[in-house]
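# Fold and geometry: a report
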Amino acid sequence: MLCCPVCKSRDIFPVAGGYIGQVYLCKSCRYRGSFVIEADEADAGSPEEKEP
Ligand SMILES: [Zn+2]
């Protein structure tokens with residue numbers, strides 16, 4: 001499961017990377033970059049993520 005590093009959305013998917021490697025695009029905030037958060041299914045109980 002991939003998560004957007006900006007808005008923590010899971011509406012992120014890989015696009016054609018080309019020569020710079022894999023690039024991901026977030027549909028929520030339009031973030032585009034090679035860095036994404038790889039999270040497992042179990043995201044509950046993560047002390048780093050405090051969603052209101
Ligand atoms: Zn995002």
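Keep in mind the model is a prediction, meaning the values are calculated, not measured.

## Concerning the overall build of the chain
Scanning the chain from terminus to terminus reveals zero helices and five strands. Counting from the amino terminus, helix and strand elements in the chain follow one another as β-β-β-β-β. Residues counted as buried form 10% of the 52 residues belonging to the chain. In the chain, the share of contacts with a sequence separation of at least 24, taken over all contacts with a separation of at least 6, comes to 32%.

## Structural notes on the environment of Ser9
In this structure, Ser9 sits in the loop between β1 (2-3) and β2 (12-15). A count of 15 C-beta atoms within 10 Å places Ser9 in the partly exposed class. The spacing of Ser9 and Cys26 is 17 residues in sequence and 7.5 Å in space, taken between C-alpha atoms. Residue contacts for Ser9: discarding those within four places in its chain leaves Cys4, Cys26, Ser28 and Cys29.

## Describing the pairing of strand β3 (residues 23-26)
Walk down a regular strand and you will see the side chains alternate between the two sheet faces. Burial of the side chains of β3 is restricted to one face: Tyr24 and Cys26 are buried, whereas none of Val23 and Leu25 on the reverse face is. Bridge count between β3 and strand β4 (residues 32-33): two bridges; the pairing is antiparallel. Opposite Leu25, over in β4, you have Arg32 as the bridge partner.

## Let's talk about the nonpolar core
With five residues, the main nonpolar core is built from Cys4, Ile12, Tyr24, Cys26 and Val36. Ignoring anything within four residues of it in the chain, the contact list for Cys26 reads Cys4, Val6, Cys7, Ser9, Asp11, Ile12 and Tyr31.

## Remarks on the sheet that holds β3
Pairing is antiparallel across the open sheet formed by three strands, whose spatial order is β2-β3-β4. The sheet is open, and its two borders are formed by β2 and β4, each paired with just one other strand. Relative to β3, β2 runs antiparallel, the two being bridged by four bridges. The partner of Ile12 across the bridge, within β3, is Cys26.

## What about the environment of Ser34?
Checked against the element boundaries, Ser34 lands in the loop between β4 and β5 (37-38). In this structure the C-alpha to C-alpha distance between Ser34 and Gln22, which are twelve residues apart in sequence, comes to 5.8 Å. Discounting chain neighbours no more than four positions away, the residues touching Ser34 are Gly21, Gln22 and Val23.

About the thresholds
- Residues numbered from 1 in each chain as written.
- Predicted model: local features only at pLDDT ≥ 70, side-chain atom pairs only at ≥ 80, totals over all residues.
- Helix = DSSP H or I, 4+ residues; strand = E, 2+ residues; numbered from the N terminus.
- Buried ≥ 20, exposed ≤ 12 C-beta atoms within 10 Å, placed from the backbone.
- Contact = placed C-beta atoms within 7 Å.
- Pairing = 2+ DSSP bridges.
- Core = buried A, V, L, I, M, F, W, Y, C linked by C-beta atoms within 7 Å.

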